[in-house]
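# Examination of the molecular architecture
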Amino acid sequence: MVVCLENPKCREDDGDRLCSLPEPVIHQIFSFMETIDVVRASAVSQKWRYLWLSVPYLSFDMSTISSNPQEIWSHEKFKDFVNWVLLSQSGSVSIQRFRLYCLSYTNDYTVYRWVCAVARRNVQVFDLTVYGEVTELPHCLVTCESLEALKLACRQLRMCVLKLPFSVGFSRLKSLDLHNVEFLDHNLLHKFVSSRRLLEKLILKSCSFRDFKILDISSTSLKSLTLDNFGGDESGNYKVKIACPNLVSFNFLASWAPDFAFEDLDSLQNAFIFFDIIDRDERDNESCHILSKLLNELCEVKALKLSTAFLRFHFVLEERGFIPNSFNYLKSLVLSVSMADWVVPSIISLLNCSPNLEALTIYFEGEDCDDWKISNKSIFCLTCHLKTVELIHVAGDENELELVRFLLKNGHVLKKLSFSWMEDVENRKEIISRIMKLPRSSSNVALEFLEPKPHDDFLKY
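Keep in mind the model is a prediction, meaning the values are calculated, not measured. (Residues numbered from 1 in each chain as written. Predicted model: local features only at pLDDT ≥ 70, side-chain atom pairs only at ≥ 80, totals over all residues. Heavy atoms only, no water.)

## Some thoughts on the overall build of the protein
Here is the rule: Helix and strand definitions follow DSSP, with helices as H or I runs of at least four residues and strands as E runs of at least two, each counted in order from the N terminus. Throughout this description, buried means an accessible area under 20% of the type-specific maximum (1.4 Å probe, protein chains only), exposed means over 50%, and partly exposed covers the range between. Shrake-Rupley sampling with a 1.4 Å probe provides the accessible areas, and residues are treated as covered by the protein chains on show and by no other component.
Scanning the protein for helices and strands turns up 13 helices and 21 strands. Counting over 461 residues, the protein shows a buried share of 52%. Accessible surface computed for the protein: about 22100 Å², of which carbon and sulfur atoms make up 50%.

## Regarding the sheet that holds strand 9 (residues 208–209)
Basically, it comes down to this: Pairing between two strands is assigned when DSSP locates at least 2 bridges connecting them.
With parallel pairing, 3 strands are arranged side by side in an open sheet as 5-7-9. Each edge of the sheet is formed by a strand with only one pairing partner; in this case those strands are strand 5 (160–162) and strand 9. With 3 bridges joining them, strand 5 and strand 7 (residues 181–183) adopt parallel strand pairing. Looking across to strand 7, one finds that Val-161 is bridged to Glu-182.

## Quick word on the state of the cysteines
One way to say it: the disulfide is the covalent bond shared by the sulfur atoms of two cysteines. Condition: Disulfide: a pair of cysteine sulfur atoms within 2.5 Å of each other.
Overall, the coordinates contain 1 disulfide when judged by the stated rule. Covalently, Cys-116 is tied to Cys-140 through a disulfide, its sulfur atoms 2.4 Å apart. What sets the handedness of the Cys-116 and Cys-140 disulfide is the S-S torsion sign, and at about -80° it is left-handed. With Cys-116 in helix 5 (residues 109–120) and Cys-140 in helix 6 (residues 139–142), this residue pair connects regions lying 24 residues apart in the sequence. Judged by relative accessible area, Cys-116 falls into the buried class, the value being 10%. Counting only cysteine sulfurs, Cys-154 is the nearest neighbor of Cys-207, a cysteine outside any disulfide, at a range of 8.7 Å.

## Some details on the pairing of strand 17 (residues 332–337)
What counts here: Assignment of crossover handedness uses the view with strands pointing away from the viewer, where a clockwise path from the first strand over the helix to the second indicates a right-handed crossover.
Here strand 17 lies mainly inside the structure; 5 of its 6 residues are buried. Looking at chain direction, strand 16 (residues 303–306) and strand 17 are connected through 4 bridges and run parallel. When the sheet's bridge partners are listed, Ala-303 is paired in strand 17 with Ser-332. When strand 17 meets strand 18 (residues 359–364), the two strands line up parallel, connected through 6 bridges. Bridge pairing in strand 18 links Leu-333 to Leu-360. Viewed along the sheet, the connection from strand 17 through helix 10 (residues 343–352) into strand 18 turns out right-handed.

## Let's talk about the pattern of salt bridges
The condition that has to hold: Basic side-chain nitrogens of Lys or Arg form a salt bridge, by our definition, when they fall within 4 Å of a carboxyl oxygen of Asp or Glu.
Applying the stated rule across the entire model yields 14 salt bridges. Note that Lys-241 and Glu-263 form a salt bridge whose closest N and O atoms lie 3.9 Å from each other. Of this pair, Lys-241 sits in strand 12 (residues 239–243) while Glu-263 sits in strand 14 (residues 259–263); the two residues are 22 residues apart in sequence, bridging distant segments of the chain. Take Glu-263: its relative accessible area is 38%, and that puts it in the partly exposed class. Bridged by salt links that share partners, the residues Glu-34, Asp-61 and Arg-99 form one connected network.

## So, the side chain of Asn-251
What counts here: The definition of a polar contact used here is a pair of N or O atoms within 3.5 Å, where within protein one atom must be able to donate a hydrogen and the other to accept one, and adjacent residues in sequence count solely through side-chain atom pairs. Whether two residues are in contact is decided by their heavy atoms, any of which lying within 4.5 Å being enough.
Its location among the elements puts Asn-251 in strand 13 (residues 249–254). The class of Asn-251 is buried, set by a relative accessible area of 18%. Only 3.1 Å separates the side chain of Asn-251 from the side chain of Thr-226, close enough to count as a polar contact. Leaving out residues up to four positions away in the same chain, Asn-251 has contacts with Leu-225, Thr-226, Leu-227 and Phe-272.

## Concerning the environment of Leu-386
Topologically, Leu-386 is positioned in the loop between helix 11 (380–384) and strand 19 (388–394). The class for Leu-386 is buried, based on a relative accessible area of 2%. The sequence separation of Leu-386 and Leu-357 amounts to 29 residues, and the corresponding C-alpha distance is 5.6 Å. What Leu-386 contacts, discounting residues up to four positions off in sequence, is Leu-357, Glu-358, Ala-359, Leu-360, Cys-381, Val-413 and Leu-414.

## Some thoughts on the packing of aromatic side chains
How we decide: For Phe, Tyr and Trp, where Trp contributes only its six-membered ring, two rings pair if their centres lie within 6.5 Å, and the inter-plane angle classes them as stacked under 30 degrees, edge-to-face over 60, or tilted in between. Criterion for a charge above a ring: Arg CZ or Lys NZ at most 6 Å from the ring centre, at most 35 degrees from the ring normal.
Scanning the model with the defined rule gives 18 aromatic pairs in all. An angle of 80° between the planes, with centres 6.3 Å apart, marks the rings of Phe-252 and Phe-275 as edge-to-face. Taken together, the residues span a long stretch of sequence, with Phe-252 in strand 13 and Phe-275 in strand 15 (residues 270–275) at a distance of 23 residues. For the residue pair Phe-252 and Phe-275, the accessibility class agrees, reading buried in each case. Grouped by ring-pair contacts, the aromatic residues Trp-52, Phe-60, Phe-81, Trp-84, Phe-98 and Phe-126 constitute a single cluster. In this structure, Lys-305 is placed above the aromatic ring of Phe-272, and the distance from its NZ or CZ to the ring centre is 4.2 Å.

## Structural notes on the pairing of strand 2 (residues 97–102)
Two strands pair when backbone bridges link them, and strand 1 (residues 57–61) and strand 2 are joined in this way by 5 bridges, in the parallel orientation. By the bridge assignment for strand 2, Phe-60 is matched with Leu-100. Where strand 2 and strand 3 (residues 125–130) come together, 6 bridges link them in parallel fashion. Looking at the pairing, Leu-100 lines up with Leu-128 of strand 3.

## A word on the sheet that holds strand 14
Pairing between sheet strands relies on hydrogen bonds along the backbone, with the strands arranged either parallel or antiparallel. The condition that has to hold: For helices, the fitted line uses only the C-alpha atoms of the stretch in contact; every axis is such a line through C-alpha atoms, and the angle between N-to-C directions lies from 0 to 180 degrees.
The strand order 10-12-14 describes an open sheet built from 3 strands, whose pairing is parallel. This sheet does not close on itself; its edge strands, each paired only once, are strand 10 (214–218) and strand 14. The sheet shows a mean angle of 10° between the axes of neighbouring strands, taken without regard to direction. When strand 12 meets strand 14, the two strands line up parallel, connected through 5 bridges. Bridge pairing in strand 14 links Lys-239 to Asp-259.

## Details of helix 10
Taking burial as the measure, the 10 residues of helix 10 include 8 buried ones, the bulk of the element. Among the residues of helix 10, those classed as buried are Val-343, Val-344, Ser-346, Ile-347, Ile-348, Ser-349, Leu-350 and Leu-351.

Right, here's the structure in full:
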């Protein structure tokens, strides 16, 4: 045991190394823990004995609450614990964040009472994950004037049906995050979003709409919008209208692009477009028109992230004679790439269209299927602006090394080139040796070789 000699009070507390930390700091540490673990921590320090009674962060997760992996808490035992914590804490303690992951919501008045209890304690962030149908949110939560962020996720095969209020309620809501929710009418969401004057962040993940034809997102306050696997069918037979003059970040993840209609997106700076269908008939005029229009709306962003499928259609657009857009303001570009022969022309085209690019990140997917041969050529961003390149999921394949050769040869102002290995690459030393021997146009470039990242997933970057 390490004994703190500098603080006499610490000696009195039998060597409690954390006894001198201010209470707000300890609360912040506890904010990353489940409430059951915070309660258990009361036995660690005398000072912590009653501290959990004033912690403003509460998190109850029935799936992880037991300290014994072989022990499964019953629903009744879980409810007893939540009731005990809420009754034990002082009602004067405002709750900054309340997270609840439970099995049932429908026909369970207990959950309703918990929601009302935290609403009375001025909850700011409310995060609810349930198994069961949700039709309407409790009135006490809707009218809670302290609520700034709401997340609702349903965990079941069938989506939860949600009816959002649009005339009153959620007066201070800044963030709305909905997962696996079904709306009876897409107009309800439009009215809700447009009438929330403080709403800045909207996430719709795996959500759907009955009789869905068009999604209209109109808001003067919205700054961040994420549409992830929502709405219509995989063919993209639906329309999305976005009219958000203060939108800064836009993320769209789906099988294919719908027909977009953008209005007043002059503030847009960051965009992430992810399609996962490559074998679609991309050569039809309608597909080319949709992609061309989307690229045109993104031409003034500063940071752009694109999936492999999007690169494929970008390549086809050029084959069809569509004039490529210039991304004159683009500073950061993140790409997911396969090893197909069309990938290189698409990357080169994007680099040519991004004269002021400063940072490039490439995430490799798949094994070599075609041999890449990249001709040395002058590209403005490589000559004048590109300073950092990050290569992720590197296996040391010949195509990857060919790209590295091209970047080192043509990157005249390159300052840093980093490599994050794929798992189980055995011949790292040999690969590094080959890379170190490649000619470099920049005398200041530093090469960095990193271990595999813990979350090796393109969507995480």
